[in-house]
Amino acid sequence: MIKYICKRLIYLALTLWVIVTATFFLMKKLPGSPFDAERFNMMSVQQQQAILEQYGLNESVPRQYLKYMGNILHGDFGTSFTYTGQKVSTVIGGRIGPSALIGLQAVLIGLAVGLTLGIIAAWRHNSGIDYFTMIVAVLGVSVPNFVAAALLQYYVALKWGILPVGFWTDWKCSVLPSIALSFSATAMIARFIRTEMLEVLEQDYIVTAKAKGLSPMKVLMRHAVRNSIIPVVTILGPIVVNLLTGSLAVENIYTIPGIGSLFVDSIKANDYSTIMGITIFYSAFYIFVVLIVDIAYSLIDPRIRLAAGKEG
């Protein structure tokens, strides 16, 4: 098992290196400059050289890359061009809170609603609730989260005045963004758990449990739901990451000072250091979640744990 985890860590580290390298060189192809063109052109040649040297832009791109990779190994992600004098890690750290809050709430909403709808739809197959769940699933996958965010903002906030329109003043401001983000997660989980449960309900041990005289509720909770939820772990990783990265547009719609809005603003300003820092953060987070899902699933499913033990 330990050997299996170590091998996974090596693969994930190589993946992160490829992502960082590709992003670095692609970013250098972006049009424009991180500096205000008008003000920069008004400076003397000596002043321009001093600024370029301060940010390490006076060297060749390969040398910049090697220097940047060396700094990353020491935990230095550079200085932000937009937030003068502030380290990229400090800027990102100050924006994690709002993004983490709406992301966590979206995951919890998606799990609660998705599991409930999927379980009821499978248990009442071909009934009204089953058809309703399928409609919700199709809409959740088809409608982008920024469209759902705009609709919720217009009806719930502007028209009905139930929740704040946007900004970030208190906890209530996080409710609508979380609901908007949870649409796709709810749809994916509902469809997945419904499909798994329909398959489980046809297994022999379910028939045996019913033959023993167990009540329908006990058969549902002890056998059907328990065995259907295990595979859901495999899709939780991508769902969590998609909710975090999917907040790019939603945070801008609701004016939330999170990582998503910071990423969009950094791209607009060609803030190379911040773009790289956020890309590394997103990539590392995704890789970490994938690793946790792999380990969790191997612990839950004895067959995978046995295979991993043989590899070790």
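Before going into details, it helps to say that this report is about the structure given with it. (Residues numbered from 1 in each chain as written. Predicted model: local features only at pLDDT ≥ 70, side-chain atom pairs only at ≥ 80, totals over all residues. Heavy atoms only, no water.)

Another aspect to go through is the overall build of the chain. Across its full length, the chain holds 16 helices and 0 strands. Considering only C-alpha atoms, the chain reaches an extent of 90 × 60 × 30 Å along its principal axes. The burial tally for the chain puts 39% of its 312 residues in the buried class. Entry remark: accessible area of the chain is about 17200 Å², with carbon and sulfur atoms responsible for 66%. (Helix = DSSP H or I, 4+ residues; strand = E, 2+ residues; numbered from the N terminus. Buried < 20%, exposed > 50% of the residue type's maximum accessible area, 1.4 Å probe, protein only. Areas by Shrake-Rupley, 256 points an atom, 1.4 Å probe, with all protein chains shown as cover.)

Right, let's get into the layout of surface pockets. The gaps of empty space that remain are located by a probe, the size of a water molecule, rolled over the atoms. In this structure, the largest pocket spans a volume of roughly 400 Å³. The wall of the largest pocket is formed by 21 residues, among which Tyr 55, Tyr 68, Asn 71, Gly 78 and Ser 273 lie closest to the centre. At the level of elements, helix H1 (2-27), helix H3 (45-54), helix H4 (61-73) and helix H15 (272-300) are the ones that each hand at least two residues to the lining of the largest pocket. Sorting elements by how many residues they give to the lining of the largest pocket places H4 first, with 4 residues. Of the residues assigned to the lining of the largest pocket, the class counts are 9 nonpolar, 7 polar and 5 charged. Put simply, the second largest pocket is a space of about 270 Å³. Around the second largest pocket, the lining comprises 15 residues; the ones closest to its centre are Val 136, Leu 139, Gly 140, Ala 148 and Phe 183. When residues of the lining of the second largest pocket are traced back to their parent elements, those giving at least two are helix H6 (96-123), helix H7 (128-142), helix H8 (145-159) and helix H9 (175-200). When its residues are assigned to classes, the lining of the second largest pocket shows 12 nonpolar, 3 polar and no charged. (1 Å grid on protein atoms, 1.4 Å probe; cavity = no way out; pocket = protein on both sides within 12 Å on 5 of 7 lines; lining within 4 Å. Points joined across faces, edges and corners; volume = space filled by probe spheres on them. Nonpolar A, V, L, I, M, F, W, Y, C, P; charged D, E, K, R; others polar.)

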